[in-house]
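Now for the letters of each chain:
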Amino acid sequence: MEGEKPVSQQVVRHPWYSDVKRDQLSGGDFVAHFDKGREGEAAYEFDAPKGGDYDLWVRANTTAVKLSYELNGGAATDIKVDQDRSGVVNIARDSKIDLRFVAWVRVGTMPLKAGKNRIVFRFHSDNSNHGSLDCFVFVNEPFMPNGTLKPSEMAEHAKQSAEANKGWLPWAPGRDPLKDSPIDLRYLNEAFAGEHGRILARGEVFVHEKPAASGPTSLPVRFWAVNGPPENLQGEGMNRHARMLAKYGVNLVRLHGAVMNEKTGATRMDVIRSRIAAIRSLKGEGIYSLLSIYFPLWVSPDAGPGWREGYNGSTHPFAAMYFNKDLQAQYREWWKAVLTTPGADGSTLLNEPALMALELVNEDSLFFWTFNSDRIPDPQMRIVEKQFGDWATKKYGSISAAMSTWKNVPHKRDAALEGRLGFRPLYSMFTEKTQRDQDTAAFLLETQSNFYRETTDYLRSLGYKGMITASNWTTASNDVFGPLEKLSYMSGDFIDRHGYFSCNHKGDNSAWSIRDGHTYSDVSALRFESEKPGDPKRFSHPSMDPMYNGKPSMISETAWNRPNRYRSEAPLYFAAYGALQDTDSIVHFVMDSDNWSVKPRFFMQPWTLLTPTQAGQFPAAAAIYRRGLIKPGEMMAELPMKISDAVALKGSSLVQTSNLDELRKADVSKAEVAEAPAGIDPLIHLVGRCNVSITNAGGKATLKELKPYINRTSQTIVSSTGELMLDYGKGILRLNAPSAQGCSGNLKAAGSTDLKDVVITSDMDLVNIVLVALDEKPLAVSSRILLQAMTEEKATGFATEPAGNGVMRITSIGQDPWLFREIRGSVKLKRADAAQLKITALNLEGYPAGNASALAAGGAIELKPGTVYYLIQK
């Protein structure tokens, strides 16, 4: 039904609503309302061919809007326009970001009468009752909307799309009924999160507080996790989303967002109540939660007294949390509200075992470039300079004595008469390493460590008994400051960090969006390619994960950024090497949609997870990682370091490079130079495990011989377990464990890949094919095997042009639905009983697409172009 064709209407159409892209509207028009004086109304009548339950979908304005409906004289019902939403389109003719957006929203299931029915839509937004309705659909069969297409047009459109996108297939699953399926990993989670008590850090692993005598909960816990959930999900929408996450192997969600007013710091109780409700929904599907509530970029204080002094509404309070006592007091109030506010059931988060951990600070540090007097307001700098002056006076007896010891190395902000000492630039500190620099490092370490310890003590005083992690940030020089940063985290229960694999993405707002005109490069991590085409290989990757002081390790933000065609490498890479290094949690960034949508907002997101190559590959990847189907590697390096040496800025022999996301690269100083070469080959992380310990005692380093595993001539790395082999010259990763076998990357260059129990062949230069035993038995005898294959993805209509030197310029970011390249390849099982096995092709939601059939002679399986999942059974 077209919105512009009601049987009656009471609307006032603002001329502003006429200045739109009519080609983006069904039927070329819509009904719109904008009037402060009264609500808008549009009524429609239609005939249903038969009575029964129908799903109602509307395509309407979903921006700051209140929209409701009345069906057949029933009660007015609000439409939750921010849930179950897809296909958001900016219809403003000038593409300005204002109220003129439309999107499809699934309203819900409701009964229709056979014959005539009547529905009335009402617009009653806070801002002039604004709203618009493009069209709506009642359906009693599987349906997924696609832009302006009418249901009767979809078949022809699909045919035309197939012709226009030869070699590519749509990833357009229907609405998932979320019932048992071969790819459903819900059974790996507990009946509810916290069923066996809290999650604890025990040594270098996470464990259940009250494990069962046997079974999954008796083993160390690994978290295959996501940052999420999508904004504004609540109620049944949130419950459904939690069930979907559990299906795809997720057992932890990092709830990462502000709980304060960005200008005043006032606590936002509505947000806190929403967080509590989300934790309860996730709990019901056996999914734990990690809360992150503070990131300086979320706060732009207006000028005011106390902690807001010196700010102007546009500056972020980087570093201030560590030294400003007023800000710390405000921060504690945020946490107190989060932990002590009762939820709908009357209980608080203080004693909620489903709350796995609290994260104190996101991406901030006194050792990062944002700590400098050019970025921090003068009143704030004076506070920390006075603290440094007091510290130096306590150590040396007076500021003049400190200056004498420092050989009178001055700083322009020194003010001895006021008791203040300035801070030399971080670049000068990590390059010159004077006595003043060493004392500065000691002060900064003590200040940052004290904040984390005192905050932890405060949270414990409230009665919180769960785990706490300090932060996750990098430094201005990880070889020199890195050990100090990690040392400051030691009051926490585990060590966290971030890392992104970027693709030379450039353009306006490219730090957080993908738009027409942006440029990028296709970059393969399997080949260690640098972002800039033609540059030497860069032997670094965000998955490289040493332990510190034997504590569990989490990577709480990581992704292969879009629009890199090699993004499909990510899930198996993280699963394989996360398992090898015994990383305890990998948290993918970001689950920003609750449907397989190209544009959950009006632009493309660089990190969207609900895509064919990311969440689409979660079933096999999550099973490999969580169930330990790739064994942990040998401890290849034990690297003890004295705290006194770290403070003396002697640096570390094992350096983790920054792997920053685009958003934070802007904060890096122009003075930054390439990080010093590590004393230890960084490829050690693809061989086995490493532990850096930073203690008063220090000790002797032990390093196992790497020559048997790393061959720079052949450009290959074999894991210490023998289960993984990376050919970084050709770009091929092979998994060859008893219960998980497969390969990822340029299989065309490999020819046939002969593994223990299977042979995999493909002529594609980018494909990921893996077999996983679902019954925890070796593939040689397993009775239930998941075969999963994936190529690469793009949005429908995505188009580029060469921009020179291996760089591509985006001419169209495209639209729904996702496309994935047709799959080509074959798999041959070596089992003697292959003739007794049956194979079932599954649809994109993981349900049988037909009847099971016997394997071909010799155990051969020819992969179908559009089939991603298969179930092999005996």
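All values reported here derive from a predicted model rather than from experimental measurement.

1. Regarding the pairing of strand β9 (residues 115–123)
As paired elements, strand β3 (residues 40–48) and β9 share nine bridges and run antiparallel to each other. Counted as the bridge partner of F46 is N117 from β9. For strand β5 (residues 67–71) and β9, the ladder comprises five bridges, and the chain directions are antiparallel. Bridge pairing in β9 places L71 opposite I119.

2. Quick notes on the pattern of salt bridges
Under the definition given, this model contains 51 salt bridges. Between E432 and R424 there is a salt bridge whose closest N-O contact spans 2.7 Å. Given the relative accessible area of 48%, E432 is considered partly exposed. Using a relative accessible area of 12% as the deciding quantity, one classes R424 as buried. Among the ionic pairs, D763 bridges to R824, the shortest N-O distance being 2.9 Å.

3. Re the environment of A32
Position of A32 relative to the elements: it lies in strand β2 (residues 31–33). The class for A32 is buried, based on a relative accessible area of 1%. On a C-alpha basis, the gap between A32 and D496 in space is 49 Å, while along the polypeptide they are 464 residues apart.

4. Here we look at the nonpolar core
The biggest cluster of nonpolar side chains holds 197 residues, and the ones touching the most others in it are Y294, F481, I624, L771, V827 and I872. Counting residues in hydrophobic clusters, the runner-up holds 24 residues, among them L56, V105, I119 and F123.

5. Structural notes on the packing of aromatic side chains
Pairs of aromatic rings are described using the distance from one ring centre to the other and the angle between the two planes. Inspection of the entire model under this criterion finds 53 aromatic pairs. Summarising the aromatic geometry, the rings of F121 and F136 are spaced 5.2 Å apart at their centres and angled 55° between planes, so their arrangement reads as tilted. Residue F121 is located in strand β9, and its partner F136 is located in strand β10 (residues 131–139); the two are separated by 15 residues in the primary sequence. You'll find F121 and F136 in the same group, each marked buried. Ring plane angle 75° and centroid distance 5.5 Å describe the contact between F528 and Y728, whose orientation is recorded as edge-to-face. Taken together, the positions of F528 in the loop between β20 (519–520) and β21 (547–548) and Y728 in the loop between β29 (724–727) and β30 (732–737) put the pair 200 residues apart, joining distant regions of the chain. Each member of the pair, F528 together with Y728, is buried. Aromatic rings pair up to connect Y294, Y322, Y331, W334, W335, F451, Y452 and Y489 into one cluster. The ring of Y847 carries the charged tip of K179 above its face, separated from the ring centre by 5.7 Å.

6. Quick word on the sheet that holds strand β17 (residues 355–359)
One open sheet holds the eight strands; their spatial order is β18-β17-β16-β15-β14-β23-β22-β19, and the pairing between them is parallel. In this open sheet, the two strands that pair with only one neighbour each are β18 (467–469) and β19 (495–501). Between one strand axis and the next, the sheet turns by 25° as a mean value, whatever way the strands run. Where strand β16 (residues 288–292) meets β17, four bridges bridge the pair, whose relative direction is parallel. Each bridged residue has a counterpart across the sheet, and for S289 the counterpart in β17 is L355. In this fold helix α3 (residues 269–284) packs onto β15 (252–256), β16 and β17, with an angle of close to 175° to the strand it touches most, β15. Set on the sheet, helix α11 (residues 570–580) makes contact with β14 (223–228), β22 (553–560) and β23 (585–588); between it and β22 the angle comes to about 160°.

7. Structural notes on the pairing of strand β35 (residues 784–790)
Judged by how many residues are buried, β35 sits mostly within the fold: six of seven residues are covered. Where strand β34 (residues 767–773) and β35 come together, six bridges link them in antiparallel fashion. The partner of I769 across the bridge, within β35, is A789. Direction of pairing for β35 relative to strand β44 (residues 869–873): antiparallel, over a ladder of five bridges. For R784, the partnering residue across the bridge sits in β44 and is Q873.

8. Regarding the confidence of the model for the chain
Taken over all residues, the pLDDT of the chain has a mean of 94, while the share at 70 or more is 98%. Counting contacts from residues 672–677, a segment whose pLDDT is below 50, to residues more than four positions away or on other chains yields 10 contacts.

9. With respect to the sheet that holds strand β40 (residues 826–829)
Strand order in this open sheet of four strands is β32-β33-β40-β43, and the pairing throughout is antiparallel. Whereas interior strands pair on both sides, the edge strands pair on one side only; in this sheet they are β32 (752–754) and β43 (860–862). Pairwise comparison of adjacent strand axes, ignoring direction, gives a mean angle of 15° for this sheet. Here four bridges tie strand β33 (residues 758–761) to β40, and the two strands are oriented antiparallel to one another. Counted as the bridge partner of V758 is L829 from β40.

10. Structural notes on the packing of helix α2 (residues 235–247) against α3
When two helices pack together, their arrangement is given by the angle between the helix axes and by the axis-to-axis distance. Two numbers describe how α2 lies on α3: the axes approach to 8 Å, and their chain directions differ by 45°. It follows that α2 is oblique to α3 by the angle criterion. Both α2 and α3 take part in a crossing whose hand is right-handed. Counted together, G235, M238, N239, A242 and L245 of α2 and A278, S281 and L282 of α3 form the full contact between these two elements.

Quick notes on the rules
Residue positions are counted from 1 within each chain, in the order its sequence is given. Per-residue local features of the predicted model are confined to residues with pLDDT of at least 70, and side-chain atom pairs are confined, for both listing and counting, to 80 or more; whole-chain, interface and lining totals are unaffected and use all residues. Values reported for side chains reflect all heavy atoms of the structure, with hydrogen atoms and water molecules removed beforehand. DSSP-based pairing: two strands are paired if at least 2 bridges between them are found. What counts as a helix is a DSSP run of H or I of at least four residues, what counts as a strand is a run of E of at least two, and both are numbered from the N terminus. The salt bridge definition used is simple: a Lys or Arg side-chain nitrogen within 4 Å of an Asp or Glu carboxyl oxygen. The buried label applies to any residue whose accessible area, calculated with a 1.4 Å probe on protein chains only, is under 20% of its type's maximum; exposed applies above 50%, and partly exposed to all values in between. Among buried residues, those of type Ala, Val, Leu, Ile, Met, Phe, Trp, Tyr and Cys that are joined through side-chain atoms within 4.5 Å constitute a nonpolar core. The pairing test for Phe, Tyr and Trp rings, Trp by its six-membered ring, is centres within 6.5 Å, and the orientation test on the planes gives stacked under 30 degrees, edge-to-face over 60, and tilted for anything in between. Working rule: Lys NZ or Arg CZ, within 6 Å of ring centre, within 35 degrees of ring normal, means a charge sits over the ring. Fitted lines through C-alpha atoms serve as axes, helices being fitted only where they are in contact, and the angles separating the N-to-C directions of these axes extend from 0 to 180 degrees. In what follows, a contact means two residues having at least one pair of non-hydrogen atoms within 4.5 Å. The quantity known as pLDDT measures the predictor's confidence residue by residue, on a range of 0 to 100. Angular relationships are summarised with four words: roughly parallel below 35 degrees, roughly antiparallel beyond 145, roughly perpendicular across 65 to 115, and oblique for the angles in between. By definition, turning the near helix anticlockwise from the far helix through less than a right angle yields a left-handed crossing, and turning it clockwise yields a right-handed one.

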